[in-house]
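Each chain, letter by letter, is given below.
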Amino acid sequence: MTKLQVRGFLYQLGCFAILFILGRYLVATYTQLSGLWIPMTAFIVATLIAPKFQAVKTKDGEKLFMKWIFLKGIREIG
């Protein structure tokens with residue numbers, strides 16, 4: 001794995017973890033779900049709304065891109 005692929009993986013993992021923990025807290029607090037349904041619901045929600053990062057080799061070199069449901073199009077990350 002290249003440096004940008006590792007950075008993209010860590011960004012994606014970090015975003016997912018933050019959204020999963022936040023989602024788990026909100027689901028447990030504001031719904032009547034219990035047991036295994038709380039983390040399962042938080043997992044599905046975090047998977048759907050977390051941004052996706054990918055390193056792509058272009059003619060200018062390797063670049064890191066992000067796609068997110070709340071932003072239109074694909075964005076290049078520094």
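Here the structure is shown first, and the text comes after it.
Residues numbered from 1 in each chain as written. Predicted model: local features only at pLDDT ≥ 70, side-chain atom pairs only at ≥ 80, totals over all residues. Heavy atoms only, no water.

**Digging into the packing of helix H1 (residues 3-30) against helix H2 (residues 37-49)**
And step 1. Where H1 contacts H2, the two axes come as close as 8 Å, and the packing angle between them is 135 degrees. The pairing of H1 with H2 is recorded here as oblique in orientation. Helix-helix and strand crossings are classified by hand; for H1 and H2 the assignment is right-handed. In contact with Phe16, Leu19, Phe20, Gly23, Arg24, Val27 and Ala28 of H1, H2 contributes Ile38, Pro39, Thr41, Ala42, Phe43, Ala46, Thr47 and Ile49.
And step 2. Class assignment of the residues belonging to the contact of H1 with H2 gives a composition of 11 nonpolar, three polar and one charged. (Axes fitted to C-alpha atoms, helices over the stretch in contact; angles between N-to-C directions. Helix = DSSP H or I, 4+ residues; strand = E, 2+ residues; numbered from the N terminus. Parallel < 35°, antiparallel > 145°, perpendicular 65-115°, else oblique. Left-handed = near helix turned anticlockwise from the far one by under 90°. Contact = heavy atoms within 4.5 Å. Nonpolar A, V, L, I, M, F, W, Y, C, P; charged D, E, K, R; others polar.)

**Regarding H1**
Each full turn of the α-helix corresponds to 3.6 residues, which orients residues three or four apart in the same direction.
And step 1. Under the 1.5 Å per step criterion, the end-to-end length of H1 is 40 Å for 28 residues, consistent within 8% with the ideal 40 Å.
And step 2. For H1, every residue scored as buried is listed here: Leu4, Gly8, Phe20, Gly23 and Val27.
And step 3. On its buried face, H1 sits against H2, strand E1 (52-58) and strand E2 (61-67). (Expected span 1.5 Å × (residues − 1). Buried < 20%, exposed > 50% of the residue type's maximum accessible area, 1.4 Å probe, protein only.)

**Some details on the pairing of strand E3 (residues 74-77)**
And step 1. Bridge analysis of E2 against E3 gives four bridges, and the strand direction is antiparallel. Opposite Leu64, over in E3, you have Ile77 as the bridge partner.
And step 2. Between E2 and E3, which pair antiparallel one after the other, the connecting turn spans six residues, and Gly73 there sits at a positive phi close to 85 degrees. (Pairing = 2+ DSSP bridges.)

**A closer look at the sheet that holds E3**
Within a sheet, each strand pairs with its neighbour through backbone hydrogen bonds, oriented either parallel or antiparallel.
And step 1. Strand order in the open sheet formed by three strands is E1-E2-E3, and the pairing between neighbours is antiparallel. In the strand order of this sheet, the two ends are held by E1 and E3, each with one partner. Each strand axis lies, on average, 40 degrees off the axis of its neighbour in the sheet, ignoring direction.
And step 2. In the sheet, E1 pairs with E2 via seven bridges, with the strands oriented antiparallel.

**A closer look at a nonpolar patch on the surface**
And step 1. Residues Leu33, Leu36, Trp37, Met40, Phe43, Ile44 and Leu48 make up a contiguous nonpolar surface patch of about 730 Å² in total accessible area.
And step 2. Here Trp37 lies in helix H2. (Patch = residues over 30% accessible without salt bridge, like charges linked within 9 Å, V, L, I, M, F, W, Y side chains within 5 Å. Areas by Shrake-Rupley, 256 points an atom, 1.4 Å probe, with all protein chains shown as cover. Salt bridge = Lys/Arg side-chain N within 4 Å of Asp/Glu carboxyl O.)

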